[in-house]
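An overview of the molecular structure
Here is what each chain is made of, one letter per residue.
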Amino acid sequence: QVQLVESGGGSVQAGGSLRLSCAVSGYSSSNYCAAWFRQAPGKQREWVSYISRDGYTSHAASVRGRFTTSRDNAKNSLYLQMDTLKPEDTAMYYCAASRWGCSSGSSTYTYWGQGTQVTVSS
């Protein structure tokens, strides 16, 4: 079956950077729309970004200009480069995949990773 595994989370100071990775197995990474979501304690899951099969990206206003989403189909991997991190970026980050379209809605995505924690201190 399809598996997604995130890595790269950790604790950083405000203004720092982290790069999250998501390894996909079970099907080719070139055959899905992939997305990043995050969820802070007590809050709803929030869409961060998506990247289409052909590499088109879209980012939430809260992270636009600071986060960059990319994919490496040869490695079946998805990435989220996070720069100029802020305390409000603190959350569990999840990668997700859809065999069909892209959107900012979590219901679009069928497959989910287990999450990786990002903590940003002020």
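See the structure above.
Reference entry: report on the structure contained in this document. (Residues numbered from 1 in each chain as written. Predicted model: local features only at pLDDT ≥ 70, side-chain atom pairs only at ≥ 80, totals over all residues. Heavy atoms only, no water.)

Examining the overall build of the chain
- A tally of helices and strands in the chain yields zero helices and eleven strands.
- Beginning at the N terminus, the succession of helices and strands in the chain can be written as β-β-β-β-β-β-β-β-β-β-β.
- Here the C-alpha radius of gyration of the chain, 13 Å, is about what a compact globule of 122 residues would show, namely 14 Å.
- By its C-alpha atoms, the chain is 40 × 25 × 25 Å across when sized along the principal axes.
- The 122 residues of the chain split such that 43% are buried.
- Put simply, 58% of the contacts in the chain that link residues at least 6 apart link residues at least 24 apart.
- Put simply, the chain shows about 6000 Å² of open surface, and 46% of that area lies on carbon and sulfur atoms. (Helix = DSSP H or I, 4+ residues; strand = E, 2+ residues; numbered from the N terminus. Rg over C-alpha atoms; globule rule 2.2 N^0.38 Å. Buried < 20%, exposed > 50% of the residue type's maximum accessible area, 1.4 Å probe, protein only. Contact = heavy atoms within 4.5 Å. Areas by Shrake-Rupley, 256 points an atom, 1.4 Å probe, with all protein chains shown as cover.)

A short note on the environment of tyrosine 111
- One can find tyrosine 111 in strand S10 (residues 111–112).
- When the C-alpha atoms of tyrosine 111 and alanine 97 are compared, they prove to be 5.2 Å apart, with 14 residues separating the residues in sequence.
- Once residues within four sequence positions are removed from consideration, tyrosine 111 is found in contact with Val2, Leu4, Tyr27, Cys95, Ala96, Ala97 and Arg99.

Some details on the nonpolar core
- In terms of nonpolar packing, the biggest core is built from 34 residues, with Trp36, Phe67, Leu80, Met82 and Tyr93 touching the most fellow members.
- Going through the elements one at a time, strand S3 (18–25), strand S4 (33–39), strand S5 (46–51), strand S8 (77–82), strand S9 (91–98) and strand S11 (116–121) are the ones with two or more residues in this core.
- Among residues more than four places away in sequence, those in contact with methionine 82 are Gly16, Ser17, Leu18, Leu20, Arg66, Phe67, Tyr93 and Val118. (Core = buried A, V, L, I, M, F, W, Y, C linked by side-chain atoms within 4.5 Å.)

A closer look at the sheet that holds strand S7 (residues 67–72)
- Ordered by their spatial adjacency, four strands build an open sheet running S1-S3-S8-S7, and the pairing between neighbours is antiparallel. Two strands bound the open sheet, and with one partner strand each, they are strand S1 (3–7) and S7. Neighbour-to-neighbour, the strand axes of this sheet turn through a mean angle of 15 degrees, independent of strand direction.
- Pairing analysis gives five bridges linking S1 to S3, with the strands arranged antiparallel. (Pairing = 2+ DSSP bridges. Axes fitted to C-alpha atoms, helices over the stretch in contact; angles between N-to-C directions.)

Remarks on the packing of aromatic side chains
- Taken as a whole and assessed by the stated rule, the structure comprises five aromatic pairs.
- A centroid spacing of 5.5 Å and a plane angle of 70 degrees characterise the contact between phenylalanine 37 and tyrosine 109, whose relative ring orientation is edge-to-face. In this pair, phenylalanine 37 is assigned in strand S4 and tyrosine 109 in the loop between S9 and S10, connecting sequence segments 72 residues apart.
- Residue classification places tyrosine 109 among the buried positions, given a relative accessible area of 4%.
- For the pair tyrosine 50 and tyrosine 56, a centre-to-centre distance of 6.5 Å together with 45 degrees between the ring planes defines the contact as tilted.
- Residue class for tyrosine 50 comes out buried when judged on its relative accessible area of 14%.
- Three or more aromatic residues joined by ring pairs make a cluster, and in this case those are Phe37, Tyr109 and Trp112.
- Its guanidinium or amino end placed over the ring of tyrosine 94, arginine 45 lies 5.5 Å from that ring's centre, counting from NZ or CZ.
- Positioned above the aromatic ring of tryptophan 112 is the side chain of arginine 45, whose terminal nitrogen or guanidinium carbon lies 4.3 Å from the ring centre. (Phe/Tyr/Trp six-rings, centres within 6.5 Å; stacked < 30°, edge-to-face > 60°. Lys NZ or Arg CZ within 6 Å of the ring centre and 35° of its normal.)

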